[in-house]
Amino acid sequence: MYYFASDVHLGSGDGATARRTEQLFTSWLDDASRDAEAIFLLGDVFDFWYEYRRVVPKGYVRTLAKLADLTQRGIRVVMLTGNHDMWVREYLNTECGVELHTKPLIESIAGRKIYLAHGDNMKIEGKPMLKLMNCAFRSNTLRFLFSHLVHPDLAMGFGRWWSSRSRKSHGEGPQDKTMLDPLTEYAAELGREQGVECCIFGHLHLPDERMADKTRVIFLGDWSDVPTYAAMTPEGDITLKRIENR
């Protein structure tokens, strides 16, 4: 089996909420590991993650230990960075064995051509402020200055405040499935031009399954209410699932 999840936002909320989310996530990893060939994490696993050269964020001990255990057992764990955890360096790879990617990925999984992406920074034409923010956050120069001029305690405090603000503004108001249309159109283009059979996205916190011409599109939800994930059989059948009993 192959498993896909995103937008866990570990560390978000108050202490009790953050612990419950981490416990739920590690339990899900345990369950998935019983028959998993690979587990794909499509970004925003952490609500905020920033690595200095010798400093990583406090917490997440259970998650990091679980990821290391899975990879040591030979289960492939792949993580694509999202807009909340784009500042990873090598820690998750060297210490936990996680395969890291900072860009969308095309994989052959169970004989099917699958496009995997967090979903941020895509199809944002006509949104100049969002483009500017994305460029700034991904700037190596600004990252260097931030790492060398800002004390880790201040950096973590600011980062968690910013992440909380971003996450809350993202979820305000009713969620309209039309917000999924730009990535649906992009999936159709990938199908026509590159033969992609299925696209899996995170980021938008709105679980959905649909077809874009002949391309299957899966939108993974977040883990704040009813957590969702996708599972693919060795035969290539993929299903969006929900964790109802928390």
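Our structure's up above, just so we're on the same page.
These figures come from a predicted structure and were not determined experimentally. (Residues numbered from 1 in each chain as written. Predicted model: local features only at pLDDT ≥ 70, side-chain atom pairs only at ≥ 80, totals over all residues. Heavy atoms only, no water.)

A. Spatial organisation of the pattern of salt bridges. If you walk through the whole model with that rule in mind, you get 13 salt bridges. Ionic pairing is found between Asp69 and Arg73, a salt bridge with its closest N-O pair at 3.1 Å. Accessibility expressed as a relative area gives 29% for Asp69, which makes it partly exposed. Among the salt bridges present, the one from Asp181 reaches Arg210, with a minimum N-O distance of 3.1 Å. Linking Asp181 in helix α7 (residues 181–194) with Arg210 in strand β8 (residues 208–212), this pair joins segments that are 29 residues apart in sequence. The partly exposed category is assigned to Asp181, whose relative accessible area is 31%. In the salt-bridge network here, residues are joined through shared partners; they are Lys177, Asp181, Asp208 and Arg210. (Salt bridge = Lys/Arg side-chain N within 4 Å of Asp/Glu carboxyl O. Buried < 20%, exposed > 50% of the residue type's maximum accessible area, 1.4 Å probe, protein only. Helix = DSSP H or I, 4+ residues; strand = E, 2+ residues; numbered from the N terminus.)

B. How the structure looks around helix α1 (residues 15–32). Between the first and last C-alpha of α1 there are 26 Å, a value that for 18 residues agrees with the 26 Å anticipated at 1.5 Å per step. Taken residue by residue, α1 has Ala18, Thr21, Glu22, Leu24, Phe25, Thr26, Trp28, Leu29 and Ala32 as its buried positions. Turning to α1, the residues buried within the fold contact β1 (2–5), β2 (38–41), α2 (61–72) and β10 (228–232). (Expected span 1.5 Å × (residues − 1). Contact = heavy atoms within 4.5 Å.)

C. View of the sheet that holds β1. Taken in spatial order, the 6 strands of this open sheet run β4-β3-β2-β1-β10-β11, and their pairing is mixed. Strands with a single pairing partner mark the edges of an open sheet, and in this sheet they are β4 (99–101) and β11 (238–242). Each adjacent strand pair in this sheet contributes to an overall mean axis angle of 20 degrees, direction not counted. Note: β1 against β10, 3 bridges, orientation antiparallel. Bridge pairing links Phe4 to Ala230 in β10. Across the sheet, α1 is in contact with β1, β2 and β10; its angle to β2 comes to roughly 150 degrees. (Pairing = 2+ DSSP bridges. Axes fitted to C-alpha atoms, helices over the stretch in contact; angles between N-to-C directions.)

D. Seen up close, the packing of α1 against α2. Where α1 contacts α2, the axes come no closer than 9 Å and their chain directions differ by 10 degrees. Taken together, the axes of α1 and α2 lie roughly parallel to each other. Contacts between α1 and α2 pair Glu22, Phe25, Thr26, Leu29 and Asp30 from the former with Val61, Arg62, Thr63, Lys66, Leu67 and Leu70 from the latter. Considered class by class, the residues forming the contact of α1 with α2 number 5 nonpolar, 2 polar and 4 charged. (Parallel < 35°, antiparallel > 145°, perpendicular 65-115°, else oblique. Nonpolar A, V, L, I, M, F, W, Y, C, P; charged D, E, K, R; others polar.)

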